[in-house]
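One letter stands for each residue in the lines below.
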Amino acid sequence: QVQLVESGGDLVQPGGSLRLSCAASGIIFSIYTMGWYRQAPGKQRELVAEIFIGGRTNYADSVKGRFTISRDNSKNTVSLQMNSLKPEDTAVYYCNAHSVSRKYWGKGTLVTVSS
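Report on the accompanying structure. All residue numbers refer to position in the chain's written sequence, counted from 1. For a predicted model such as this one, the threshold for reporting local features is a pLDDT of at least 70, and the threshold for listing and counting side-chain atom pairs is 80 or more; totals across whole chains, interfaces and linings nevertheless cover every residue. As a rule here, side-chain values cover all heavy atoms of the structure and leave hydrogens and water aside.

This brings us to the nonpolar core. Only buried Ala, Val, Leu, Ile, Met, Phe, Trp, Tyr and Cys residues count toward a nonpolar core, and they belong to the same one when joined by side-chain atoms within 4.5 Å. Using a 1.4 Å probe on the protein chains alone, a residue whose accessible area is under 20% of its type maximum counts as buried, one over 50% counts as exposed, and one in between counts as partly exposed. M34, W36, V78, L80, M82 and Y93 are the most contacted members of the largest nonpolar core, which totals 30 residues. Numbered from the N terminus, helices here are DSSP runs of H or I no shorter than four residues, and strands are runs of E no shorter than two. Put simply, the parts of the chain that give this core at least two residues each are strand 3 (18–25), strand 4 (33–39), strand 5 (46–51), strand 7 (67–72), strand 8 (77–82), strand 9 (91–98) and strand 11 (109–113).

Structure follows, in structure tokens:
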């Protein structure tokens with residue numbers, strides 16, 4: 001059974017930092033592209049960042065320079081370091097794993113940026 005379990009969501013003030021983590025099980029982690037998506041109220045789910053099996057990364061323009069995605073294939077985890085958070089970063093953040101033929105989602109973790 002495939003599981004992606006996110007953690008780290010919280011309430012944080014604007015300008016603050018958070019680190020999200022996703023623990024994967026039931027998949028051969030190293031062959032999957034791992035990503036973080038987010039969905040704000042009333043909006044569509046959007047890609048935040050992804051990291052490919054070779055380590056190359058891709059970021060949404062809105063988070064470039066503020067967020068950093070990383071993966072640890074030995075621990076089957078992917079993390080998202082979020083700095084200089086803004087109110088518009090408020091959303092449920094979802095972990096995603098995808099290959100050519102499979103796609104999996106976690107249940108999400110809530111990040112709220114507010115004073």
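The next thing to look at is the pairing of strand 11. Residues T109, V111 and V113 point to one face of strand 11 and are all buried, whereas L110 and T112, pointing to the other face, are not buried. Two strands form a pair only when DSSP identifies at least two bridges running between them. As paired elements, strand 2 (residues 11–12) and strand 11 share 2 bridges and run parallel to each other. Bridged to L11 within strand 11 is T112. One ladder, built from 3 bridges, connects strand 9 with strand 11; its direction is antiparallel. The partner of Y93 across the bridge, within strand 11, is T109.

Spatial relationships are all this shows, so hold off on functional conclusions.
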